[in-house]
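Coordinates in review
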Amino acid sequence: MSQFNERANFIEDNGLLYEKLGLTRMSGRILGYLMVSDKEMVSFDEITRVLQASKSSISTNIKTLVNIGFIRPVSKPGDRKTYYMLAPEIDWKSYYDQKLINIRYMNELFERALRLRVDKDDKTSLWIKNAKDFYAWLIEELPKLMDRWQEEQKMQNKI
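Residues numbered from 1 in each chain as written. Predicted model: local features only at pLDDT ≥ 70, side-chain atom pairs only at ≥ 80, totals over all residues. Heavy atoms only, no water.

1. Things to note about a nonpolar patch on the surface
- Taken together, Phe 10, Met 35 and Leu 86 make up a surface patch of nonpolar side chains, about 230 Å² in accessible area.
- Of note, Phe 10 is situated in helix H1 (residues 3–20).
- Classification of Phe 10 by relative accessible area gives partly exposed; the value is 31%. (Patch = residues over 30% accessible without salt bridge, like charges linked within 9 Å, V, L, I, M, F, W, Y side chains within 5 Å. Areas by Shrake-Rupley, 256 points an atom, 1.4 Å probe, with all protein chains shown as cover. Salt bridge = Lys/Arg side-chain N within 4 Å of Asp/Glu carboxyl O. Helix = DSSP H or I, 4+ residues; strand = E, 2+ residues; numbered from the N terminus. Buried < 20%, exposed > 50% of the residue type's maximum accessible area, 1.4 Å probe, protein only.)

Structure, rendered in structure tokens:
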């Protein structure tokens, strides 16, 4: 398979993955293109041309990716175009700390759902209890994992 086809397939696979993760397929395709591009930064027009998508679709999805912190806009002196690159300064721990806030809220909703149920022992209540237990476990364990990851990063950067 040619490198072009491998890259095109990667971009599409990345789009499908990010769609499963709750973003749009186009967001994943943009990220995929930025990951396999030989350029450190690419212009809006290049992204639109390569991904063969409308300017509005690219614009909307770039804004989402910038807001998430996955990519950032860059300008070049004397050039009026805006370029985009993967955000090298992304703080993965902070990103997942934000996710943890959502997980805590989700767990609170599961607890509320259980309180509102009349039959606390039916299949639906069991499903909610299992979900609540899982998310309670994540709330306990995810910060430990992130701390461990951060320590490992510090050690790797010292070598």
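Past the structure itself, the notes keep going.
2. Describing the packing of aromatic side chains
- Inspection of every chain in the model, using the stated rule, returns 9 aromatic pairs.
- Arranged with centres 5.6 Å apart and planes meeting at 50°, the rings of Phe 70 and Trp 92 form a pair that is tilted. A residue pair is termed long-range when its members are at least 10 positions apart, and Phe 70 in the loop between helix H4 (55–68) and strand S2 (71–75) and Trp 92 in helix H5 (residues 92–116) qualify at 22 residues.
- Look at Trp 92 and you get partly exposed, because its relative accessible area is 36%.
- With centroids separated by 6.3 Å and ring planes inclined at 25°, the aromatic side chains of Phe 134 and Trp 137 adopt a geometry described as stacked. Highlighted residues: Phe 134 and Trp 137, both in helix H6 (residues 123–158), separated by 3 residues, approximately one helical turn.
- A residue is classified by how much of its surface remains accessible, and Phe 134, at 42% relative accessible area, is partly exposed.
- Taken together, the ring pairs in this structure connect Tyr 18, Phe 70, Trp 92, Tyr 95 and Tyr 96 into an aromatic cluster.
- The ring of Tyr 83 has Lys 76 lying over it, and the distance from NZ or CZ to the ring centre is 4.3 Å. (Phe/Tyr/Trp six-rings, centres within 6.5 Å; stacked < 30°, edge-to-face > 60°. Lys NZ or Arg CZ within 6 Å of the ring centre and 35° of its normal.)

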